[in-house]
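# Close look at the chain arrangement
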Amino acid sequence: MSQGWEGMDKDIADFALECARSKKVEYAEVRALSQVQDGVMLRNGVVEAYVSAVDSGFCVRIIADGGIGFASTNKWTKGEAETIVNMAHKYAKSAKRKDKLVFAEKKGVKTKWTVEQKKKIENVSPEERISTLAEVNKALVSSKVKIPATMTSCQINLITKYFVNSEGSRISSFVPKIGAFMFITVAEQGKTEQAYNQFGYSGGWEAFNTWKMPEKMVHTAKVLKDVITKAKTVKPGNMDLVCGPEVTGIAAHESCGHPMEADRILGREMSQAGRSFIYKGGPFWIGKKIGSKAVTVVDDPTVAHSYGYYEYDDEGVKARRRFLYKEGLINEFLQNRESAAKLGVESNGSSRSTNYDREAIVRMANTFVLPGEMTEEELIKDVKYGVFMKSFTEWNIDDKRFNQRYVGREAYLIEKGELTSPVARPVIETTTQKFWTAVDAVSKKVEFEAATCGKGDPSQGIPVYTGGPCLRLREVYVK
Amino acid sequence: MFEIKRGVCEMTDMLSKTEEIAKKAKTLGADQVIAKTIVGKYRQVRFSNNQIDITVAWNDYSTDVTLAWKKRLVATLIHNFEGIDASLKQLLKLAKISQENPTFGGFAKGKFHYAKSKADRKLEDLEKPTDYVFEAIEAAEKEAGKVDSGGILLTKLEDVYLASSEGPVGVDSRSSIEFSIRAFAEREASGHGVECCSTLKDFKPARAGAKAGRIAKLAKGPKLGEEGVYDVIYDPLIHGSLLGVWGSMVSAYAVLVKNSVFVDKLGKKVAPETVTLKDNPAAYSLSNRVFDDEGVPAKDNTFIDNGILKTYLHNASTAKMFKTETTGNAGLVYPTPWNIEMEAGDRSKDEIFKNVKEGLYLTNTWYTRFQNFVKGDFSTIPRDGMFLIKNGEIKQSLKDLRVSDNVLTMLGNIDAISKERQHVHWWGEADPPSLAPYILIKNVHMTKSK
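Residues numbered from 1 in each chain as written. Chains lettered and ligands numbered in written order. Predicted model: local features only at pLDDT ≥ 70, side-chain atom pairs only at ≥ 80, totals over all residues.

## Considerations on the overall build of chain B
Definition in use: The numbering of helices and of strands both runs from the N terminus, where a helix is a DSSP run of H or I of at least 4 residues and a strand a run of E of at least 2. Here the globule rule is a power law, 2.2 Å times the number of residues to the power 0.38, and the radius of gyration is based on C-alpha atoms. By the convention adopted here, residues make contact when the C-beta atoms placed from their backbones lie within 7 Å.
A count of helical and extended segments in chain B gives nine helices and 20 strands. Relative to its length of 450 residues, chain B is compact, with a C-alpha radius of gyration of 23 Å against a globular reference of 22 Å. Overall, chain B is about 70 × 50 × 40 Å in size when its C-alpha atoms are taken along their principal axes. For chain B, the share of sequence-separated contacts (at least 6 apart) that also reach a separation of at least 24 residues comes to 74%.

If you want it as structure tokens, here you go:
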């Protein structure tokens, strides 16, 4: 094996590329990936199962006669490489498209990149991993909140990639990713409330210090208890709404990031993830107004140690910050090389895949609202009557990404500029345009939340951050 | 590396290798072990804007090994038989430093005779899979005129070899072909059709195309819907999403972690007497299998019988916790539903429509999310054709309404079930697969953006 990378044989990947180049192709690439996977699941603080494995394989993607073929395997032999190259080539030619597919031009890149770990995951024993998670349950037990059920999981992926293409690219990378998830049920006065929190990081075991998982889960438990025992219901009507960073983040992700994916705009995801309210010839396109001047939403894979971090995407394109909505205007779509060619622009490095057996498609990385000048207190101080929705529970959005709903988890009534009492399950159900147009002020402190974004068929749950500062929306309908 | 060749000898060889893994793990000190090898060939065609976007092939050769040592449960994935000793030693080492799970009740025990698999080996590699796509697009256009359509064709052929230290040993072959098409007659007028089969024999993608086209045509010129409480007819496709929710919530694991409305509901009435639901990984279904992941023969399990919740779905371990028998629903760690069936009703689809004075007909949905799984409060967003019904007839295409209700209330408000049923599945939205009739649910709350 070349390089000694666990489970990966670069020579086979190079061989596969040579096989593909020997055929009549417009483009060929080989993406090899090896993941050391380590996952532990706990129920009520007790380990249910520990899963540890190495998954590795490679895929070939070919453009021939204007069609695309893709084939993957986890068998590292030259014979298998030839087999999948032949399949990908045959499939590409069988597309028989009227309008031939091409990729937006990009020069080949030769580079290596890695994400540093302050405390190497490899040096953290499984016992320590388990006990760190069990500590969260101990903290919950000592919180004096009645919690009849918890479910916790932690997933570590040490991801090694090797990408080569027919344009001369040769990119090696190593990214360690840690994700954790906890779902709790709180029971008080014969009633229940539930919530989950997700955590994510690219880097080493130091992630757990930055997350403060025990404190955060205890806070969530107390919030749920307050929802049962103290919260009022809000009287439906038009009022001001202050969104906390978690709500800002989900709105940025759902009603800015997703509709700005160029493959969706072009219809390539029409039967699953859907299309977009943005389309050529429609009322919304680049340069059109979608929100107030206070709103700038970016997607940025280069945020250090973020869950969605990468330096080069899965087509070998250098990552950079993308300004999606800029001062209230639709500004720049997320592009891969296929969509960029169709729209006559350059790829901005948004092509991601979860594994060697999945096609790289247009994805978000870390989507967030840029900060403003005010403090959170200043935003709230100027509200006569309204709701501060700090976090959310149930949410969804339609498949054109226009009609969305967020239900508050931690929320408070604002009266004369003061937070007065907890509010149970306030709901905002509105359109993308109304939401972003109603924003009149943005606070200056940005916070991030980890999430797993779903798209693709088969589904590719991909790590992302959502986030931003607090937003103040004027006169929106809350129920 | 695995060498995969056709024929009985090769299959026997693969089973022997899988048994060897189980034996080796025992020799190395495991108390119990299950090894499951999958040799899978998956092929997919994706299309949009009436053209092929990409054709994909995945070849998968892997063995899942799950073992228990002093009630410590650990698992791994192996791609290469050559390094098996080292992998098993590593796994046992992990078990020894992991933590005891006092509720682990052991893997299923016994020697079983399995039904013969009816897998269709033609689904390993179709000669011209794109032909099926064009056939369906043509059928959609025949119904609706020019449409913009997209979707997927997915075929699967898996050979599965299972060996358990507790007795079960078996070979299964599982095949399936599924097709999903969404056709747009206008920007906001679309229909979705699916065709799901375990063999090529009954597979007719034109049926899915025609349905997508019919709904898309009817959906033209949609108006904004009005908030309110409606009697709603669920098409089999959107009903499949509901069945997926109910089926997933009946897993004993979902009950244990309070991810279910069925907590503390065993033996209680949860639906009208006309409602009978079962889990059945039958030969026709996309989830066809002759044994579960512990080697227990897969079978049909009625979990709601004439409105009464009769059982949860179990593996051997959860069955022990609930003092009952496994239902043959073992997944790698926790029990999982395979294919949900609602028993057919006594009325035709047309009779159900005829009896609705004013209501809605919903054809599809997505993005179902919960506030609280125990309470069942949730919302979901219908997509594709959504229609206002007056005096039994479709009067107007609607858009931009959301179902904001409670799954237990909706289960209790099922008022009519059709004789006609369809095997449906699409993406993660109508999953697991199901056999779904048309149903009428009374008093469903619909909301919209303000």
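## Re the overall build of chain A
Across its full length, chain A carries ten helices and 24 strands. Considering only residue pairs separated by 6 or more positions, chain A has 75% of its internal contacts joining residues 24 or more positions apart.

## Focus: the nonpolar core
Under the convention used in this document: The nonpolar core is taken to be a set of buried Ala, Val, Leu, Ile, Met, Phe, Trp, Tyr and Cys residues joined by way of C-beta atoms within 7 Å. Partly exposed residues are those whose C-beta has more than 12 but fewer than 20 other C-beta atoms within 10 Å; with 20 or more the residue is buried, with 12 or fewer it is exposed, and the C-beta atoms are placed from the backbone.
Ranked by internal contacts, the top residues of the largest apolar core, which has 294 residues, are Ala-16 and Val-60 of chain A. Among all residues touching Ala-16 of chain A, those that are not within four sequence positions of it are Val-30, Phe-58, Val-60, Ala-81 and Val-85 of chain A.

## Observations concerning the sheet that holds strand S10 (residues 322-326) of chain A
Residue and element names in this part refer to chain A. Cut-off, in case you're wondering: Whether two strands pair comes down to DSSP finding at least two bridges between them. Only the stretch in contact is used when a helix axis is fitted, and all axes are lines through C-alpha atoms; the angle between N-to-C directions ranges over 0 to 180 degrees.
Read across the open sheet, the six strands follow the order S11-S10-S9-S14-S23-S22; overall the sheet is mixed. The open sheet has two edge strands, strand S11 (329-330) and strand S22 (447-453), and neither has a second partner. Here helix H6 (residues 245-257) sits on the sheet in contact with strand S9 (297-299), S10, strand S14 (366-369), S22 and strand S23 (462-468), set at roughly 120 degrees to S23.

## Topic: the packing of helix H3 (residues 129-144) of chain B against helix H4 (residues 205-218) of chain B
Describing two packed helices takes the angle between their axes plus the distance from one axis to the other. Residue and element names in this part refer to chain B. Applicable threshold: For any pair of crossing helices, the crossing counts as left-handed if the nearer helix is rotated counterclockwise from the farther one by less than a right angle, and right-handed if it is rotated clockwise. Residue polarity is assigned by list, with Asp, Glu, Lys and Arg as charged and Ala, Val, Leu, Ile, Met, Phe, Trp, Tyr, Cys and Pro as nonpolar; anything else, Gly included, falls into the polar class.
In the contact formed by H3 and H4, the axes pass within 7 Å of each other and the chain directions differ by 35 degrees. Crossing handedness for the pair H3 and H4: right-handed. On the side of H3, the interface is formed by Tyr-132, Glu-135, Ala-136, Ile-137, Glu-138, Ala-139, Ala-140, Glu-141, Lys-142, Glu-143 and Ala-144, while H4 contributes Pro-205, Ala-206, Ala-208, Gly-209, Ala-210, Ala-212, Gly-213, Arg-214, Ala-216 and Lys-217. Residue composition of the contact of H3 with H4, grouped by class: twelve nonpolar, two polar and seven charged.

## Quick notes on the confidence of the model for chain B
Close inspection of predicted coordinates is inappropriate for parts of the model with low pLDDT. Put simply, the rule reads: Note: pLDDT gives the predictor's confidence per residue, expressed from 0 to 100.
Averaged over every residue, the pLDDT of chain B is 96; the share at 70 or more is 98%. Low pLDDT (under 50) marks residues 1-5 of chain B, which in the prediction has nine contacts with non-local residues, meaning those over four places away or in another chain.

## A few points about the domain arrangement of chain B
Residue and element names in this part refer to chain B. Heads up, the condition is: What counts as a domain boundary in this text is fixed by an automatic or database domain assignment.
In terms of domain boundaries, chain B breaks down into domain 1 (8-218) and domain 2 (223-447). Contact residues are listed per partner, giving 36 residues for domain 1 and 34 residues for domain 2. Of all the elements, strand S5 (residues 169-186) adds the most residues to the side of domain 1 that touches domain 2, at seven residues. When its residues are assigned to classes, the side of domain 1 that touches domain 2 shows 15 nonpolar, 13 polar and eight charged.

## Focus on the domain arrangement of chain A
Residues and elements named next belong to chain A. Per the domain assignment, the segments of chain A are domain 1 (10-229) and domain 2 (237-478). The C-alpha centroid of domain 2 is placed 22 Å from the C-alpha centroid of domain 1. Taken together, the contact between domain 1 and domain 2 spans 34 residues of the former and 28 residues of the latter. Elements with a minimum of two residues in the side of domain 1 that touches domain 2: strand S1 (27-43), strand S2 (46-64), strand S3 (67-73), strand S4 (110-114), strand S5 (149-165), strand S6 (170-188), strand S7 (191-202) and helix H5 (213-229). Here the side of domain 1 that touches domain 2 gets six residues from one element, more than from any other, and that element is S7. For the side of domain 1 that touches domain 2, the per-class residue count stands at 19 nonpolar, eleven polar and four charged.

## Comments concerning H5 of chain A
Structurally, the α-helix is built with 3.6 residues per turn, so residues lying three or four positions apart point the same way. Residues and elements named next belong to chain A. Convention followed: Residue count minus one, scaled by 1.5 Å, sets the expected span of a helix.
Between its first and last C-alpha, H5 extends 24 Å over 17 residues, near the 24 Å set by a 1.5 Å rise per residue. Looking at H5, one finds that the buried residues are Met-213, Met-217, Val-218, Thr-220, Ala-221, Val-223, Leu-224, Lys-225 and Val-227. Tucked inside the fold, the buried residues of H5 contact helix H3 (126-141), S6, S7, helix H4 (207-211) and strand S19 (418-422).

## Remarks on the pairing of S4 of chain A
For a regular strand, side-chain orientation follows a simple rule: the groups alternate between the two sheet faces. All names here are of chain A. With zero of five residues buried, S4 is to be regarded as a mostly surface element. As paired elements, S4 and S6 share five bridges and run parallel to each other. In the sheet register, Thr-111 faces S6, and the bridge partner there is Ile-171.

## Regarding unusual backbone geometry
Backbone torsion omega between Asp-457 of chain A and Pro-458 of chain A reads 5 degrees, so that peptide bond is classified as cis. Residue placement: Pro-458 of chain A occurs in the loop between S22 and S23. Going from Asp-431 of chain B to Pro-432 of chain B, the amide bond is cis rather than trans, its omega being 0 degrees. Along the chain, Pro-432 of chain B falls in strand S20 (residues 430-447).

## Some remarks on the interface of chain B and chain A
In this complex, chain B contributes 61 residues to the contact, which on the side of chain A involves 65 residues. Looking at the side of chain B that touches chain A, the elements that each hand over two or more residues are strand S2 (51-69), strand S3 (72-78), helix H2 (84-97), strand S4 (148-164), S5, strand S14 (365-372) and strand S15 (377-382) of chain B. A class-by-class count of the residues in the side of chain B that touches chain A yields 28 nonpolar, 22 polar and eleven charged. With two bridges connecting them, S2 of chain A and S3 of chain B associate as parallel partners. Each bridged residue has a counterpart across the sheet, and for Tyr-50 of chain A the counterpart in S3 of chain B is Val-74 of chain B.

## Structural notes on the environment of Thr-114 of chain A
Residue and element names in this part refer to chain A. Relative to the elements of secondary structure, Thr-114 occurs in strand S4. Residue Thr-114 is classed as exposed on the basis of its 12 C-beta neighbours within 10 Å. Each C-alpha atom, one on Thr-114 and one on Glu-311, is 8.6 Å from the other, the two residues being 197 residues apart in sequence. Those residues within four positions of Thr-114 in sequence are excluded, and the remaining contacts are Ser-173 and Phe-174.

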